[in-house]
Amino acid sequence: MFDKLPQTALEAMDWSWADYEPYYDELAERPFNADTVGAWLADWTRIGDLFGEVYTRLHVARTRNTTDADISARFEKLLDNLLPQVEAAEQTLKQKLLDSKLEPAGFEIPLRNMRTEAALFREANLPLLSEEQKLRADYDKIIGAQTVVWQGEEITLTRLKPVYESDDRALREEAWRLASTRQLADRDALNALWVKNMDLRGRIAANAGEPDYRAYMWKAKLRFDYTPEDCETFQNAIEEVVVPAAKRIHEKRRAQLGLSSVRPWDLDVDALGRSPLHPYDTIADLIAKASTVFHQVDPQLGGYFDIMRQRDLLDLDNRKGKAPGGYNASYETEKVPFIFMNAVGVSDEVRTITHEGGHAFHVFETNDLPYKEQKNVPLEFAEVASMSMELLASPYLNAFYNEADVARHRIEHIEKILLFWPYMAVVDAFQHWAYTRPQDGQNPAKCDAKWGELWARFMPAEDWSGLDDAMQTGWHRKQHIFRRPFYYVEYGLAQLGAVMVWKNALADQAGAVKQYRKALSLGYTRSLPELFQAAGARFAFDVSALREAVDLLEGKLAELEAV
């Protein structure tokens, strides 16, 4: 019967559970043994990939236009009527494989993951998990609707980014305060949404028999190779090693700008008074230049990007009603990725396109793995793929800039790496606090106070005096906190791994890229430390690893500043 399965998810966009059910029932009833389990897994992959792509395509469509009522309704219908049924059927097949005691080749890590997922599964959580998806959509709608009138034109807040690079400080402050006022107008709505999220997530953890949501998510996110205590170690190491480096960056900026302190609207302007970097003119120009860079990194990677370009798998421009941020999605049946961005013409977007390009290349590199469970790459390593590509692409940015501006862009990039780790620590520590103290974490006022406390600890060099409301509600503006709980420490760990990959590239660029691609092709057939090792890095949280990375980054900063 699997011969009748659609070859593309586009043919199944309106399927109901009645269309999927016969395939799942056949797999649940079909016997297998050591000789036939491979064919069974291949068919499971086919039906799982079909549903996965239908889900992803509706999610992508909804984020591309959060105001489209028809798409939102179709997505909610999937969440209500289809997702719980599919997840229950998937659980049945997982249990069937586990009960067989068979261990197919290359399936050791997926089996380990399945055992944890099976132990955590509760049918009572299926409707709650669907409801959580709806709350994510509600967040997107709130943020996607945030616009202001600037110089007579209604624009999204993202389109104010170029103003923050202006050398007119009064203009920067005016734009920043306008955006902040608009964001604070949604304070009550976001607080109410947060309370719903906290209640829902608490019930999910309780149903699973876990003491709190952090304990639940540690299992749900399959974190076998590190603990919450390791995250605290990482936070403390950042405070000891990186926060002083961030202070040095801000002090240099303060002195160059001739200011008494660095305010939030002073963070993006060029400290030496130069005009903002102008990496591209149009979205087509951005795509063409990115292609040139990727081809120089590696011809095959450049070819992958050109496939995306030719098949309209890029949505990069910013517009009203579009969800915030950027991401890479995978269309499993077609075996291609999709990149979503909100580009407005600033230099950060060169890093964004290379970052999301790294995720996209991960999709292509895992296409030869036969089973979907082998492709569920841990986020800690998925972000190594993206953050390493930002750095591996850095020698070839002359597609965007002249020599002096390449150096300037790379200085900004390195500074942002150093400034990111403390911010990551704020986001991660906030979530640990909120979910292990849910009575406090469910109180928005206490969340504001905790965010302010963590901001003072990890971000002391930025002057937010008189801006307490904007600073303390910073957690509202970190979409991961609402949409992807506990997804943020991955960036910090991966950034450290990416710097290690880059260190190798400084000695042997071609060798580092080859090693990087080989590691990506492994999918999730190795443990997390083994994946880092395959890429030429070390999975680490400690002071010594961070100190080595900070020394390398600050040394390279000095070299580039000489240019």
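Refer to the structure printed above.
Attention here is on the structure that accompanies the text. (Residues numbered from 1 in each chain as written. Predicted model: local features only at pLDDT ≥ 70, side-chain atom pairs only at ≥ 80, totals over all residues. Heavy atoms only, no water.)

A few words on unusual backbone geometry. Although it is not a glycine, Lys101 sits at a positive phi angle of roughly 65 degrees. Note that Lys101 resides in the loop between helix 3 (69-100) and helix 4 (108-120). (Helix = DSSP H or I, 4+ residues; strand = E, 2+ residues; numbered from the N terminus.)

Further remarks concern the environment of Arg122. Relative to the assigned elements, Arg122 resides in the loop between helix 4 and helix 5 (126-144). With a relative accessible area of 29%, Arg122 lands in the partly exposed category. With 147 residues separating them along the chain, Arg122 and Val269 place their C-alpha atoms 51 Å apart. With sequence-adjacent residues up to four places away left out, Arg122 is seen in contact with Asn207 and Ala208. Reaching out from Arg122, the side chain makes a polar contact with the backbone oxygen of Asn207 at a distance of 3.3 Å. (Buried < 20%, exposed > 50% of the residue type's maximum accessible area, 1.4 Å probe, protein only. Contact = heavy atoms within 4.5 Å. Polar contact = N/O pair within 3.5 Å; in protein donor to acceptor, adjacent residues only side chain to side chain.)

What sets the pattern is the α-helix's 3.6 residues per turn: residues three or four places apart point alike. Taking 1.5 Å as the rise per residue, helix 12 (residues 348-365) with 18 residues should run 26 Å; its terminal C-alpha atoms sit 26 Å apart, in good agreement. The element helix 12 is extensively covered by neighbouring structure, given that 16 of its 18 residues are classed as buried. (Expected span 1.5 Å × (residues − 1).)

Moving on to the pairing of strand 1 (residues 147-150). Examined bridge by bridge, strand 1 and strand 2 (residues 153-156) share four bridges and lie antiparallel to one another. Residue Val148 lies in a different strand from strand 2, and its bridge partner there is Ile155. Between the antiparallel neighbours strand 1 and strand 2 lie two residues, among them Gln151 with a positive phi of about 50 degrees. (Pairing = 2+ DSSP bridges.)

What follows concerns the pattern of salt bridges. Per the counting criterion, the structure on display carries 53 salt bridges. The salt bridge partner of Arg64 is Asp315, with a shortest N-O separation of 2.7 Å. Of this pair, Arg64 sits in helix 2 (residues 37-64) while Asp315 is found in strand 3 (residues 314-317), placing the two residues 251 residues apart along the sequence. The partner of Arg172 in a salt bridge is Asp266, with the nearest N and O atoms 2.7 Å apart. (Salt bridge = Lys/Arg side-chain N within 4 Å of Asp/Glu carboxyl O.)

Now for the environment of Pro438. Tracing the backbone shows Pro438 in helix 15 (residues 438-441). For the pair Pro438 and Asp199, spaced 239 residues apart in sequence, the C-alpha separation works out to 8.7 Å.

Below, the discussion takes up the sheet that holds strand 4 (residues 327-331). Sheet strands pair by backbone hydrogen bonding; their relative direction is either parallel or antiparallel. The three strands are arranged 3-5-4 in an open sheet whose pairing can be described as mixed. Of all the strands in the sheet, the pair left with one neighbour each is strand 3 and strand 4. Between one strand axis and the next, the sheet turns by 15 degrees as a mean value, whatever way the strands run. Bridge analysis of strand 4 against strand 5 (residues 336-343) gives five bridges, and the strand direction is antiparallel. Opposite Asn328, over in strand 5, you have Ile339 as the bridge partner. Across the sheet, helix 2 lies against strand 3, strand 4 and strand 5, angled at about 145 degrees from strand 4, the strand it touches most. Against the sheet, helix 10 (residues 283-297) engages strand 3 and strand 5, with an angle of about 125 degrees to strand 3. (Axes fitted to C-alpha atoms, helices over the stretch in contact; angles between N-to-C directions.)

Below, the discussion takes up the environment of Glu132. Among the structural elements, Glu132 can be located in helix 5. Distance from Glu132 to Thr473, taken between C-alpha atoms, is 22 Å for residues 341 residues apart in sequence. Aside from chain neighbours lying at most four places away, what touches Glu132 is Asn197, Leu200, Arg201, Ile204, Tyr213 and Pro485.

With that settled, the discussion passes to the nonpolar core. With 152 residues, the main nonpolar core has Trp194, Phe234, Phe381, Trp421 and Trp451 as its most contacted residues. For this core, the element with the highest residue contribution is helix 14 (residues 403-436), accounting for 18 residues. With near-sequence residues (within four places) excluded, Phe381 lies in contact with His362, Ala519, Leu520, Leu528, Leu531, Phe532 and Ala535. Counting residues in each nonpolar core, the second largest holds 37 residues, with Trp15, Leu27, Leu97 and Leu111 among its members. (Core = buried A, V, L, I, M, F, W, Y, C linked by side-chain atoms within 4.5 Å.)

Next up on the list: empty space enclosed by the protein. According to the stated counting rule, one finds five cavities of 30 Å³ or more in the structure shown. In this structure, the largest cavity is lined by Val243, Ala246, Lys247, His250, Leu419, Pro422, Phe458, Met459, Pro460, Ala461 and Glu462. For the lining of the largest cavity, the secondary structure elements donating two or more residues are helix 9 (228-257) and helix 14. In terms of residue count, helix 9 provides more of the lining of the largest cavity than any other element does, four residues in total. By residue class, the composition of the lining of the largest cavity is eight nonpolar, one polar and two charged. Reported here for the second largest cavity is a volume of approximately 50 Å³. Forming the boundary of the second largest cavity are Glu165, Asp268, Val269, Asp270, Pro276, Leu277, Ser347, Arg408 and Glu412. (1 Å grid on protein atoms, 1.4 Å probe; cavity = no way out; pocket = protein on both sides within 12 Å on 5 of 7 lines; lining within 4 Å. Points joined across faces, edges and corners; volume = space filled by probe spheres on them. Nonpolar A, V, L, I, M, F, W, Y, C, P; charged D, E, K, R; others polar.)

As a further point, take the state of the cysteines. Summed over the entire model, instances satisfying the criterion amount to zero disulfides. We note that Cys231 lacks a disulfide partner, and the nearest cysteine sulfur, in Cys447, lies 19 Å from it. Looking at Cys231, the relative accessible area reads 1%, which means it is buried. (Disulfide = S-S within 2.5 Å.)

Remark: helix 7 (residues 187-207) packs on helix 14, axes separated minimally by 11 Å, with the N-to-C direction vectors making an angle of 65 degrees. Residue-level contacts link Trp194, Met198 and Arg201 of helix 7 to Phe430, Ala434 and Tyr435 of helix 14. Classifying every residue of the contact of helix 7 with helix 14 gives five nonpolar, no polar and one charged.

With the rule as written, the count across this model stands at 47 aromatic pairs. Between Trp194 and Phe482, the ring centres sit 5.5 Å apart and the planes meet at 65 degrees, which makes this aromatic pair edge-to-face. Of the two residues, Trp194 sits in helix 7 while Phe482 sits in helix 18 (residues 479-483), which places them 288 residues apart along the sequence. Neither residue differs from the other here; Trp194 and Phe482 are each classed as buried. Lying over the aromatic face of Tyr331, Arg57 brings its terminal NZ or CZ to 4.0 Å of the ring centre. Taking NZ or CZ as reference, Arg223 lies 4.4 Å from the ring centre of Trp218, over its face. (Phe/Tyr/Trp six-rings, centres within 6.5 Å; stacked < 30°, edge-to-face > 60°. Lys NZ or Arg CZ within 6 Å of the ring centre and 35° of its normal.)

Our next topic: the side chain of Glu165. For Glu165, the location among the structural elements is in the loop between strand 2 and helix 6 (169-184). Excluding residues that lie within four positions of it along the chain, Glu165 makes contacts with Asp268, Val269, Pro276, Leu277, Val346 and Ser347.

On to helix 1 (residues 17-29). Between its first and last C-alpha atoms helix 1 spans 18 Å; for 13 residues at 1.5 Å apiece the expected length is 18 Å, and the two agree. Taken residue by residue, helix 1 has Trp17, Tyr20, Tyr23, Tyr24 and Leu27 as its buried positions. Relative to the axis of helix 1, the buried residues are bounded by an arc of 135 degrees and lie together on one face. Those residues of helix 1 that are exposed and aimed more than 90 degrees away from the buried face are Ala18 and Glu29. (Arc of directions from axis to C-beta.)

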